[in-house]
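# Per-entry structural report
Spelled out, the chains give:
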Amino acid sequence: MRTLLLVTVCGWAVGCASAPPSERLALDIETPSNWTNTNLPVGQLNVMWWNDFDDVGLASAVNTALARNYNLQAAAARLEQAAANARAAKGDLQPTVQTTFNGSRVKRNFIGFPFPGAEEQVLSTVSTNYGVSFDVSWEVDLWGRLRETARAALTDLQASAADLRGAQLSIAGQTTKVWFTVAEAQQQINLSRETVESFRASVNQVQDRFEAGVRPALDLRLALLNLSNAEAQLQQRLQQFDTAVRQLEVLLGRYAGGTLKTPTKLPTVTPSVPAGLPADLVARRPDLVSAERQLTAAITRAGIARLDLFPRITLTTSRGTAADALRALIDGNFSVWTLLGNVVAPLWQGGRLRAMVSRADARGEEALASYANAALTAYAEVETALAADEFLAGREEHLTESVQQARAAERLANERYRAGLESYITVLDSQRSAVNAEVQLITARRLRLENRVDLYLALGGGFEQLKAPVQLAGLNNQ
């Protein structure tokens, strides 16, 4: 029993020992001290950045998506799997303890033995045996292989937690963009309806002038053509709106029935956002955190592959009783015990273990290259979004001026047409130009809002971690 107690205590001590946390790996990438755009405010992003658009409906939609989206629930389930793997790997450091109860009843026939008086009858005997044991097995982690395996599993868990955070940001971004798409579609529908009514009024005016013999039939045909095109455009806008609404409903985890209450106009663009420092991006963006954790896990597993070249030592002990009656199982006179030591050392496996080491090293190099490329891509996404914001702001400003000039030209063309100074072709061109300018302005406003979302996502959302729907307590104490 002393040996059994020693094995149990040693296993408990190893299992409770805290492995030092893995240090985050740095990349050999030279980054500037500031972003190219130096006019950014100082501060931190709002964790729930979608509230910056000051749209109550949008905030409600994003919060609903974060709570009900099924892709996000799948990501949360993957995090639960990683948490279970980490707990299982930690359990390998502990001794395995089990109890066993067995019973057997055996009948044996004595055939061919010359027992007196038993010439016509086969003699037999029946024996009964019961046994109960308490078994403990423990692998001595002499080289730290099990500890490194647990560390790798914990790193995988950290990567999965970052992936969940990335999925949360992605769902928030997708929901916000689709919300803007629905709002733009609604504004385009309103513009198309106004255009249809305006073109119908033009048809009535031209028809009156045609019937009065003032204008030719060509003007009436062109006016009717313009009206038909506007009505067809309205149907296209209605279809785009319907598609966007159903897409939004799926993101919100509900049936795509097209009945969702939707926005009627695009919100205003938020003020400039604080982008922080480039050097902080790798620790803030979930995809970069996940890539770094995957690299750390790959390096750890490369070390584990080398440790597989060393011997493994396992201790096994068992204590129990064996008797021919159940009541005798508690009698110490029938006790039995065993103590085994097992050492397994690889001698020759045809180069398999060495090949596993080479494969693990190659995976580490692959993870390092992927991490570096992801970091460079992340920096580029931030710089691109910052630059695009200025370009889109300028585009919106010029399109606003275009709308004003186009509407003024349309009014002037109509006045000159009624005065007989211009042909109806000029009126048609002015009408189409005015409508096209407003269509482009609405689209430009939506694109600028989407770029702002891209900037939030490129910066890693907020500078804090959203609450993950899984309990990780106790797993960081490995």
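Structure first, text after, so check above.
These remarks concern the structure in this document. Every value quoted in this text rests on a predicted model; they were computed, and no experiment measured them.

Judged by side-chain polarity, Leu-142, Trp-143 and Phe-310 come together as a nonpolar surface patch covering roughly 300 Å² of accessible area. Turning to its location among the elements, Trp-143 is positioned in the loop between β2 (123-140) and α4 (145-211). Residue Trp-143 is classed as partly exposed on the basis of its relative accessible area, which comes to 39%.

For an α-helix, the turn length of 3.6 residues means that residues three or four places apart are oriented alike. Between its first and last C-alpha atoms helix α6 (residues 286-307) spans 31 Å; for 22 residues at 1.5 Å apiece the expected length is 32 Å, and the two agree. Extensive coverage of α6 is indicated by the burial of 16 of its 22 residues.

If you look at the biggest cluster of nonpolar residues, it comprises 81 residues, and the most contacted ones within it are Trp-35, Trp-49, Phe-53, Phe-180, Val-382, Tyr-424 and Leu-459. For this core, the secondary-structure elements that each account for two or more residues are α2 (56-68), α3 (70-91), α4, α5 (217-251), α7 (352-418) and α8 (424-458). At 23 residues, the largest contribution of residues to this core is made by α4. Setting aside residues up to four positions removed in sequence, Val-382 forms contacts with Trp-35, Leu-281, Leu-455, Ala-458 and Leu-459. Formed by 7 residues, the second largest nonpolar core is a distinct cluster that contains Ala-406, Ala-434, Leu-441 and Ala-444.

Moving on to the packing of aromatic side chains. Following the criterion strictly, the structure yields 7 aromatic pairs and no others. When the centroid spacing of 5.1 Å and the interplanar angle of 15° are considered together, the rings of Trp-49 and Tyr-456 count as stacked. Here Trp-49, found in the loop between α1 (2-16) and α2, pairs with Tyr-456, found in helix α8; they are 407 residues apart in sequence, far enough to count as distant. What makes Tyr-456 buried here is its relative accessible area of 1%. Among the aromatic residues, ring-to-ring pairing joins Trp-49, Trp-50, Phe-53, Phe-180 and Tyr-456 into one connected group. Of note, Arg-209 hangs over the ring of Tyr-417, and the distance from its end group to the ring centre comes to 5.4 Å.

This part is about the pattern of salt bridges. This structure, assessed with the given rule, holds 24 salt bridges. Put simply, Lys-177 and Asp-454 hold a salt bridge, and the shortest N to O gap is 2.5 Å. Of this pair, Lys-177 sits in helix α4 while Asp-454 sits in helix α8, placing them 277 residues apart in sequence. Taking relative accessible area as the criterion, Lys-177 reaches 24% and is therefore assigned partly exposed. Of the residues examined, Asp-454 reaches a relative accessible area of 31% and is grouped as partly exposed. A salt bridge links Arg-215 to Asp-219; its shortest N-O distance comes to 2.9 Å. The exposure classification of Arg-215 matches that of Asp-219, with both residues buried. Connected via shared salt-bridge partners are Asp-389, Glu-396, Arg-445, Arg-448 and Arg-452.

What counts, and where the lines are drawn
- Residues numbered from 1 in each chain as written.
- Predicted model: local features only at pLDDT ≥ 70, side-chain atom pairs only at ≥ 80, totals over all residues.
- Heavy atoms only, no water.
- Patch = residues over 30% accessible without salt bridge, like charges linked within 9 Å, V, L, I, M, F, W, Y side chains within 5 Å.
- Areas by Shrake-Rupley, 256 points an atom, 1.4 Å probe, with all protein chains shown as cover.
- Salt bridge = Lys/Arg side-chain N within 4 Å of Asp/Glu carboxyl O.
- Helix = DSSP H or I, 4+ residues; strand = E, 2+ residues; numbered from the N terminus.
- Buried < 20%, exposed > 50% of the residue type's maximum accessible area, 1.4 Å probe, protein only.
- Expected span 1.5 Å × (residues − 1).
- Core = buried A, V, L, I, M, F, W, Y, C linked by side-chain atoms within 4.5 Å.
- Contact = heavy atoms within 4.5 Å.
- Phe/Tyr/Trp six-rings, centres within 6.5 Å; stacked < 30°, edge-to-face > 60°.
- Lys NZ or Arg CZ within 6 Å of the ring centre and 35° of its normal.

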